[in-house]
Amino acid sequence: EAFPGVPVRVTQKLKPVAITSPTNGVYIFNFGQNFAGVVSLKVKGPAGTRIQLRYGEMLHPDGSLMTENLRKARATDTYILRGDPAGETWTPRFTFHGFQYVEITGWPGQPGRDALTGLVLHSDTPLASDFECSDPMANRLFKNVVWTQRANFIDLPTDCPQRDERMGWTGDAQIYVQTATLNADVSAFFTKWLRELMESQRPSGTFPGYAPFPFQTGPDFGTAWCDAGVICPWTIWQAYDDTRVVEHCWPQMVKFLDWRQARAPNFLGVRGGHGWGDWLSFGNKTPIEFIDTVYFASSARMMAEMGEAIGKSAEAAAYRDLFAKIKSAFGENYLRADGSLTVDNQTAYALALWADLIPDDLRIKSGKILADKLRGAETSDNSGMTTGFLGTRPLLPVLSAVGENDLAVKHFQSRKFPSWGYEVEQGATSIWERWNSYTKEHGFNGPDGKQNAGMNSFAHYSFGAVCEWMLQDLAGIQSASPGYKSIVIRPRPPTPGSNLERKPIDWVKAHHDSIRGRISTEWRQAGDVFELRVEIPPNTTATVFLPATANAQIFEGGRPIAEVSSVKLVRKELATAVLSIGSGAYHFTVRKN
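What comes next is a walk through the structure. (Residues numbered from 1 in each chain as written. Predicted model: local features only at pLDDT ≥ 70, side-chain atom pairs only at ≥ 80, totals over all residues. Heavy atoms only, no water.)

1. Some remarks on the overall build of the protein chain
Spelled out, the test is: Runs of E in the DSSP output that reach at least two residues are strands. Runs of H or I that reach at least four are helices, and both are numbered from the N terminus. This radius of gyration counts C-alpha atoms alone. The globule rule is 2.2 Å times how many residues there are, raised to the power 0.38. Only protein chains enter the area calculation, which uses a 1.4 Å probe; residues under 20% of their type maximum are buried, those over 50% are exposed, and those in between are partly exposed.
Check the secondary structure of the protein chain and you find 13 helices and 22 strands. A compact globule built from 593 residues should have a C-alpha radius of gyration of about 25 Å, and the protein chain, at 25 Å, falls within 12% of that. Overall size of the protein chain, expressed as C-alpha extent along the three principal axes, is 80 × 60 × 55 Å. Looking at the protein chain residue by residue over its 593 residues, the buried ones come to 59%.

See below:
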């Protein structure tokens, strides 16, 4: 049968930005960017000359190659010259590396910058987004996210491309899949991997920690990791409006929900499997049974929506009822009347709000408790964030959704540890597994010298899931129905002066190339004027939310919106105007009175 995915190919060539020589006969090429691929070698020398190439993501303070984090991966290529007087070129085959630096030994003479060319390899998933704003850190961060996605999308969504792992970890995939669909056309890529995930389903009905599944020590699943078997098909369907992926995965997803229900007769999650949980969180850990309840509910809700989409109305109704029962059990066991939770940490609130387990009348209260926790934990040198892989993805989206957008933007722009800005300021050109995988002050082993350098991946996309918030909330590009048939444009600019540490973001320009065409936004606020440029693709409609006080004046193309036939004012609230528009390009201006 034909290969169902997209080919892995060279998509870009990089020239080294510097060459250093930490010791005699050793030369290190710096490509200025952490990426996945190989190099093309160009050399002239005597026959039999043996050249060795070693790859690494970082350097030690003395300029030597850092390889501790590669663990058992040799990440070494060897080429023996045939002695062609005209020179010779060579590119390794049947391998790839994750690297920014290449160490050369055995070179005849002294190599120049043309000796090596970096060949960027990844599954050829065309890029589908761009993002730029007034904060240079955020612009570098967006590039880091995209580079890390490309480095890890080599035939399957791996966790890292450099060390002795490179597996399709399901937890990382479900955390990041929404961002993946925004940044590139991953429809065929994920459709192919989902076949492997479905084939990797365990006899019990659960899904394993990674797919393909050659082996795993200990239990064969982990809470939230196993739910990738539902979350990823649901997300691909939502992005591309193709129900074939749902139909293909449906039998296995039903079997998975049967397994989940059999484990939870009281509709609450249980402890079991690998205890990865909120991986790399700080402070008090979120109990596995709490996380299991959240993901049980989320999978049930998604199954109801997918069942309706493929005409399985009875099954959809049953899953809606299951979600309602889980939500009720969650409320009785974890939620108090004041909106607080019995599991008292940031991840618990972020996950519960994300999974719609907090009743509407308590969401604002629960959101304020979450915001207060973030504010209360902040110090002069710590951002206050305690969430790990699972809790970080929903953190900023739920803050923006419950009226704490200023805090979300402030935290996003933070340079304190742990934060995205902290990582960028340490020199990151990709997303790291740990916020402090490396620091200029303490190197690879942390402030106490006990951090395991071997557990530092410098191309690990999980924390890059913040890009979902960047494009959907900050830029305001959202889908209101599968495949962007109906679009929501809701940029969330921060209040001027809301961040005392640095100037809040005051302009954003972004686009997403959806399955129905390009959706673009560009907003800017200065003084009492807010401007928004929008492009909506053909055969779609959009609802636009503008930050506008009740008595603000709204114009499109310089005319009051009442005079523009393609714009309809749906309603005007205290701080928001809601408009309905069709396809085309628009230029809105809001003037506060």
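2. Let's talk about the sheet that holds strand S15 (residues 517-526)
For clarity, the threshold we go by: A pair of strands is considered paired only if DSSP assigns at least 2 bridges between the two. Any two residues whose heavy atoms approach within 4.5 Å at even a single point are treated as in contact. Note on method: axes are straight lines fitted to C-alpha atoms, helices fitted across the in-contact stretch only, with angles between N-to-C directions ranging 0 to 180 degrees.
Sheet architecture is open: seven strands sit in the order S11-S14-S15-S16-S22-S18-S19, paired in antiparallel fashion. Every interior strand has two partners, whereas the edge strands, strand S11 (129-133) and strand S19 (559-560), have only one. Of the strand pairs in this sheet, strand S18 (residues 553-556) and strand S22 (residues 584-591) are connected by four bridges, and their pairing is antiparallel. Within S22, the residue paired with glutamine 553 across the bridge is arginine 591. Docked against the sheet, helix H13 (residues 466-474) engages S11, strand S14 (507-514) and S15, running at close to 75° with respect to S11.

3. Some thoughts on helix H7 (residues 313-334)
This is how the line gets drawn: What a helix is expected to span follows from its residue count: subtract one and scale by 1.5 Å. As used here, the arc belongs to the directions running from the helix axis to the C-beta atoms.
Taking 1.5 Å of rise per residue, 22 residues should cover 32 Å, and H7 covers 31 Å from first to last C-alpha, within 8% of that figure. Taken together, the buried positions of H7 are occupied by Ala316, Tyr319, Leu322, Phe323, Ile326, Ala329, Phe330 and Tyr334. For H7, the arc enclosing every buried residue in end-on projection is 145°, short of the 170-degree limit, so these residues lie on one face. Across from the buried face of H7, at angles greater than 90 degrees, the exposed residues are Ala314 and Glu332. Buried residues along H7 sit in contact with helix H5 (244-263), helix H6 (288-309) and helix H8 (346-354).

4. Thoughts on unusual backbone geometry
Here the residue pair alanine 211 and proline 212 is connected by a cis peptide bond, since its omega of -5° sits within 30 degrees of zero. One can find proline 212 in the loop between helix H3 (187-199) and helix H4 (228-240). Residues phenylalanine 417 and proline 418 are joined by a peptide bond in cis, for which omega reads -10°. Tracing the backbone shows proline 418 in the loop between helix H11 (405-412) and helix H12 (420-425). In the Ramachandran plot, arginine 166 falls in the positive-phi region, its phi being about 55° despite a non-glycine side chain. Of note, arginine 166 is situated in the loop between helix H1 (136-152) and helix H2 (170-183). Phi at alanine 224 takes a positive value of approximately 80°, unusual for a residue other than glycine. Summarising the element assignment, alanine 224 is placed in the loop between H3 and H4.

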